[in-house]
Amino acid sequence: MIYLDNAATTFPKPPSVRREVDRCLRDYCGNPGRSAHALSLAAAEAIFDCRREAAELFGLPSPEQIIFTYNTTHALNMAIKGLLRRGDHVLISDMEHNAVYRPIWLLHAFGEITFDIYPTYPASPEADVEAILDGIRQRIRPNTRMLIASHVSNLCSAELPLTEIGALCRERGLLFVVDAAQSAGIADIDCGAMEIDALCAPGHKGLYGPQGSGILALRAGTVMATLLEGGSGVNSLDGAMPDFAPERYEAGTLATPAIAGLCAGIRFVRERGVGQIRAAEQMLYRRLREMLGNTKGVTLYAPEREGSTLLFNLDGIASTQAAAMLDKAGICLRAGFHCAPLGHRTLNTGDDGALRVGFSVFNRTTDLEALVRSVKEILRESHKN
Ligand code: PMP
């Protein structure tokens, strides 16, 4: 089995992550923040360790600004619905995932907000920055309150210049929300330097944590409306949720085993180094681009953007059909529309979506060679018929 669907979720997880989830379930999985006994306190300590690791990774001064969610979508919904008010205007990029597009679309459909889409592609990576900033400036209105940026696309490896966009948001008084689903653990993110108000990240992708873990990193001093209300373990006699992070935003029992595993995942990433991980995945990208690029019948999308995901199609074969054939050959990757209709339109991938390869630190060149062998076989067979 060759797993190349790491943009959906990384697999396998590092041994240290598996060990920590097991240790949590065996040794210390009380309910954090609810009771004062030893197992509850041990769980709370594990949760705090993870907050500290995440805060250090993302350049936040205080671990309390790390809010645990169940995935990126959860974090994005919290930020979007918690920060926007009736009458606001929002800017989203032309590469956004449905995790951004759908909540924005729904608020718009209910007449709560208006939104515009700023272009980010295709310009050459070098020409991008000024063109993207100009596109944003042209769309800012007096009531524009928030800008959302998908840091790295989940289709190709196109990356947005967060530092420059963040500076523009700061200058124009816009809230800056970042979808880091494809970049957390792979690209450097410094919420302070990049002026990010809300960073939404998965635990289960580039941070190598279990599914059920996600992060919302909030700028200090930001107070949002809550998406969920309920038990928080503090101020139990009050009807209102606490007015401080993280308790205000973490209603109900946390996913302690997932968070304990995430802590080990973040440590794994920090020990290897985000830069090293990125360089290793870019090397795989270049190798695969070269092999597929030399294969007749393969179309690559945005091949000049080097990163952790590569998007392609095979001539005359629907992407879902090709993925099913690859699955039979023991190769797991994703096909279709990847929950990103805006990005597919931007990249012009056609009616059948496209095949996506997503790398992790556990992939080797031999995985790519096996993929290319199977791709050639599929193309040969289909052109026989
Ligand atoms: N945004 C992007 C860019 C993504 O790639 C994904 C996952 N495919 C999401 C958001 C949603 O992530 P999650 O599955 O963690 O909710």
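Residues numbered from 1 in each chain as written. Predicted model: local features only at pLDDT ≥ 70, side-chain atom pairs only at ≥ 80, totals over all residues. Heavy atoms only, no water.

What follows covers the overall build of the chain. When helices and strands are counted, the chain shows 11 helices and 12 strands. Principal axes of the C-alpha set define a box for the chain whose edges measure 75 × 55 × 35 Å. A burial count over the chain gives 57% of its 385 residues as buried. Sequence separation of at least 24 residues holds for 68% of the intrachain contacts in the chain that already meet a minimum separation of 6. Side chains of the chain give 39 positive and 44 negative charges; the mean places of these two sets differ by 4 Å. (Helix = DSSP H or I, 4+ residues; strand = E, 2+ residues; numbered from the N terminus. Buried < 20%, exposed > 50% of the residue type's maximum accessible area, 1.4 Å probe, protein only. Contact = heavy atoms within 4.5 Å. Lys, Arg positive; Asp, Glu negative; His and termini not counted. Charge placed at Lys NZ, Arg CZ, Asp CG, Glu CD.)

Attention shifts here to the pattern of salt bridges. Under the defined criterion, the tally for this structure stands at 22 salt bridges. Within the structure, one salt-bridge network assembled from shared partners comprises E53, E56, R267 and R270. (Salt bridge = Lys/Arg side-chain N within 4 Å of Asp/Glu carboxyl O.)

For the rest of this paragraph, the subject is the sheet that holds strand β6 (residues 175-179). If you trace the seven strands from one edge of the open sheet to the other, you get β2-β8-β7-β6-β5-β3-β4, paired in mixed fashion. A strand with exactly one partner marks an edge of an open sheet, and here the two such strands are β2 (66-69) and β4 (114-118). Each neighbouring strand pair of the sheet contributes to a mean axis angle of 20 degrees, computed without reference to strand direction. Across the sheet, helix α5 (residues 128-139) lies against β3 (89-93), β4 and β5 (144-150), angled at about 155 degrees from β4, the strand it touches most. (Pairing = 2+ DSSP bridges. Axes fitted to C-alpha atoms, helices over the stretch in contact; angles between N-to-C directions.)

Next up on the list: the site of the ligand. Surveying the vicinity of the ligand reveals the residues N71, T72, T73, H97, A99, N154, D179, A181, Q182, P202, H204 and K205. Between the ligand and Q182, the relevant distance is 2.7 Å, taken from an oxygen atom to a side-chain nitrogen or oxygen of the residue. At a separation of 2.9 Å, a nitrogen atom of the ligand approaches a polar side-chain atom of K205. In isolation the ligand offers 400 Å² of accessible surface; the protein chains occlude 90% of this area. (Near = heavy atom within 4 Å. Polar contact = N/O pair within 3.5 Å; in protein donor to acceptor, adjacent residues only side chain to side chain. Areas by Shrake-Rupley, 256 points an atom, 1.4 Å probe, with all protein chains shown as cover.)

Let us now look at the sheet that holds strand β9 (residues 298-301). Read from one edge to the other, the open sheet built from three strands follows the order β9-β10-β12, with strand pairing classed as antiparallel. Each having just a single partner strand, β9 and β12 (355-358) make up the two edges of the open sheet. In this sheet, neighbouring strand axes are inclined to one another by 30 degrees on average, regardless of whether the strands run parallel or antiparallel. Contacts from helix α8 (residues 274-293) reach β9, β10 (309-314) and β12 within the one sheet, and its direction differs from that of β10 by about 10 degrees. Docked against the sheet, helix α9 (residues 319-328) engages β10 and β12, running at close to 50 degrees with respect to β12.

What follows deals with the environment of Q65. Looking at the secondary structure, you find Q65 in the loop between α2 (38-57) and β2. With sequence-adjacent residues up to four places away left out, Q65 is seen in contact with L60, L216, A217, L218, R219, A220, G221 and A245.

Burial of β6 is extensive: five of the five residues sit out of reach of the surface. In β6, alternate side chains face the same way, and those of L175, V177 and D179 on one face and F176 and V178 on the other are all buried. Across five bridges, the pairing between β5 and β6 is parallel. Each residue of the ladder has a partner; that of S150, found in β6, is D179. You can see the chain leave β5, run along helix α6 (residues 162-172) and come back into β6, and the turn it takes is right-handed. (Right-handed = clockwise from strand over helix to strand, strands pointing away.)

Before going further, it helps to examine the nonpolar core. Of all hydrophobic cores here, the largest spans 47 residues; its most connected members are F58, L147 and I215. A domain split of this core shows at least three residues from each of domain 1 (15-272) and domain 2 (273-384). Sequence-distant contacts of L147, that is, excluding residues within four places in its chain, are made with L91, Y118, I136, I165, C169, L174, L175, F176 and V177. (Core = buried A, V, L, I, M, F, W, Y, C linked by side-chain atoms within 4.5 Å. Domains from an automatic or database assignment.)

For L207, the location among the structural elements is in the loop between β7 (198-202) and β8 (214-218). Among the residues examined, L207 registers a relative accessible area of 0% and is labelled buried. Spatially, the C-alpha atoms of L207 and V274 are 9.9 Å apart, while their sequence positions differ by 67 residues. Ignoring any residue separated from it by four or fewer positions in sequence, one finds L207 in contact with L57, F58, A184, G185, P202, I215, L262, G265, I266 and V269.

Let's shift gears to the packing of aromatic side chains. Inspection of the entire model under this criterion finds five aromatic pairs. Centre to centre, the rings of Y101 and F115 are 6.3 Å apart; their planes meet at 75 degrees, and the pair counts as edge-to-face. You can see Y101 sitting in helix α4 (residues 98-109) and its partner F115 sitting in strand β4, a full 14 residues away along the chain. For the pair formed by Y101 and F115, the shared burial category is buried. A ring pair is formed by Y208 and F362, whose centres lie 6.0 Å apart and whose planes are at 90 degrees; its orientation type is edge-to-face. (Phe/Tyr/Trp six-rings, centres within 6.5 Å; stacked < 30°, edge-to-face > 60°.)

The next point concerns the environment of Y301. Its location among the elements puts Y301 in strand β9. In this structure the C-alpha to C-alpha distance between Y301 and A258, which are 43 residues apart in sequence, comes to 35 Å. What Y301 contacts, discounting residues up to four positions off in sequence, is C156, L311, F312, N313, L347, N348, T349 and A354. Separated by 3.0 Å, the side chains of Y301 and N313 make a polar contact.

Split by domain assignment, the chain resolves into domain 1 (15-272) and domain 2 (273-384). Taking the mean C-alpha position of each, domain 1 and domain 2 sit 28 Å from one another. Tallying the contact residues gives 32 residues for domain 1 and 30 residues for domain 2. Roughly 2700 Å² is buried in total at the junction of domain 1 and domain 2, and carbon and sulfur atoms are behind 58% of that figure. Between E159 and R278 there is a salt bridge whose closest N-O contact spans 2.6 Å. Inspection of the domain 1/domain 2 interface yields 12 residue pairs in polar contact (both at pLDDT 80 or more). (Buried area = accessible area lost by both parts, 1.4 Å probe.)

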